[in-house]
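Inside the fold
If you want the building blocks of each chain, they are given just below.
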Amino acid sequence: AGQQPRLAVDPELVAAAGPEPTRFLGHQELASGARVLALAGPHGLASELVAGERGLAIFDQTPFYAEDGGQVGDTGEVTAPGLTASVLDTQNADGRHVHVLEITSGILQPGDKVELAVDAGRRRSITANHSATHLLHAALREVLGEHVRQAGSLVAAGRLRFDFQHPSALSEAEIDRVEKLVNAEVLTNSGRRTEVKPFADAVGSGAIAFFGDKYGHEVRVVTFGDFSAELCGGTHVRATAEVGLFRLVSEASIGSGVRRIEAVTGDAAVAYTLERDKLLKGLAARLRVSVDQLPQRVEALTA
């Protein structure tokens, strides 16, 4: 309730920004200087955005990741002398990173030089979930077979969602093995390696192409040890230990031959684990047994 609708990206805004795609700095940097190329408000192209207004901005370069390949767009701040603005979302429009802004104070105009800063904590959570998605994909292929292919994904700050091709529900043993494999790779602390190479060479070397991504002649390959190699333009942890902890929350069917896994990492995974532990202890207390005795007590009650 009260949430404002997502602003549509006007083709005139993209045209006004010029022919060159936005230079993305976010694989290495979380803050940078930039110059405003074009602005838009609720009614189209704008010569300025003032305090209290929400609009769209394209800069010549940015550390903000634009929503793509299942990974959500970055949020953060834009500042300059006399200006503060919040970046509420970052969208992709033909290679331009379109920043959804809300001006807090001052005036923003085309040509202005500003400082851009990504919300670092949120980005860390997103990168942990994205890297965990790669590890999950590799674990599923190891446990279930190489027929497993991604059929969609969501990589957000609080959770990850992974859709994949598989004909039947996973057994408890399979779920347990997948979760253990991912966490084993996290504990191994495999470093991330990234390479840019021709698409044919990347796929020929065993790297897996993710569903929904558009690939050119040159592609970026993200590798974690000998466990995972994916074609991906998203942001990732430097080493797998940064994922912290991986917990598989649910597994279900979403259509014929397509399954969906939802999972959490890092602080969210710790919170999930502690909440489950608290639930078990609460049930045990109500039944006046230890947690270890819960299965026998429940079995006796149901009998």
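All of these numbers come straight from a predicted model, not from anything done at the bench.

Okay, the overall build of the chain next. Scanning the chain from N- to C-terminus turns up 6 helices and 19 strands. The principal-axis extent of the C-alpha atoms belonging to the chain is close to 75 × 50 × 35 Å. Restricting to contacts in the chain with at least 6 residues of sequence separation, those with at least 24 account for 65%. The average position of the 30 basic charges and that of the 39 acidic charges among the side chains of the chain differ by 5 Å.

Applying the stated criterion across every chain, the model contains 2 aromatic pairs. For the ring pair phenylalanine 24 and tyrosine 65, a centre distance of 5.9 Å and an interplane angle of 70° mean the geometry is edge-to-face. On the criterion of sequence distance, the pair formed by phenylalanine 24 in strand E1 (residues 23–24) and tyrosine 65 in the loop between strand E6 (61–62) and strand E7 (76–80) is long-range, its members being 41 residues apart. You can call phenylalanine 24 partly exposed: its relative accessible area is 22%.

A word on the pattern of salt bridges. Summed over all chains, the structure comprises 11 salt bridges. Here arginine 159 ties to glutamate 262 by a salt bridge, and the two come within 3.1 Å at their closest N and O atoms. Of this pair, arginine 159 sits in the loop between strand E12 (150–155) and strand E13 (160–165) while glutamate 262 is found in strand E19 (residues 258–265), placing the two residues 103 residues apart along the sequence. Taking the relative accessible area as the measure of exposure, arginine 159 reaches 33% and is therefore partly exposed. Of the residues examined, glutamate 262 reaches a relative accessible area of 23% and is grouped as partly exposed.

This next bit is on the environment of histidine 134. Counting through the fold element by element, histidine 134 comes out in helix H2 (residues 120–144). Along the primary structure histidine 134 and leucine 231 are separated by 97 residues, whereas in three dimensions their C-alpha atoms are 10.0 Å apart.

What follows deals with unusual backbone geometry. Even without glycine at this site, aspartate 94 takes up a positive phi of about 55°. Assignment of secondary structure puts aspartate 94 in the loop between strand E8 (83–93) and strand E9 (96–105). Overall, aspartate 94 belongs to the exposed group, its relative accessible area being 66%. In this model, arginine 288 sits at a positive phi of 60°, which is unusual for a non-glycine residue. Summarising the element assignment, arginine 288 is placed in the loop between helix H5 (266–287) and helix H6 (294–302). Take arginine 288: its relative accessible area is 79%, and that puts it in the exposed class.

Turning our eyes to something else, we now look at the sheet that holds strand E15 (residues 208–209). The 4 strands lie next to each other as E14-E16-E17-E15, forming an open sheet whose pairing is mixed. Of all strands in the sheet, those bounded by a partner on one side alone are strand E14 (192–198) and E15. Its contacts with the sheet put H2 on E15, strand E16 (218–224) and strand E17 (228–231), and the angle it makes with E17 is roughly 115°.

So, how was this worked out
Residues numbered from 1 in each chain as written. Predicted model: local features only at pLDDT ≥ 70, side-chain atom pairs only at ≥ 80, totals over all residues. Heavy atoms only, no water. Helix = DSSP H or I, 4+ residues; strand = E, 2+ residues; numbered from the N terminus. Contact = heavy atoms within 4.5 Å. Lys, Arg positive; Asp, Glu negative; His and termini not counted. Charge placed at Lys NZ, Arg CZ, Asp CG, Glu CD. Phe/Tyr/Trp six-rings, centres within 6.5 Å; stacked < 30°, edge-to-face > 60°. Buried < 20%, exposed > 50% of the residue type's maximum accessible area, 1.4 Å probe, protein only. Salt bridge = Lys/Arg side-chain N within 4 Å of Asp/Glu carboxyl O. Pairing = 2+ DSSP bridges. Axes fitted to C-alpha atoms, helices over the stretch in contact; angles between N-to-C directions.

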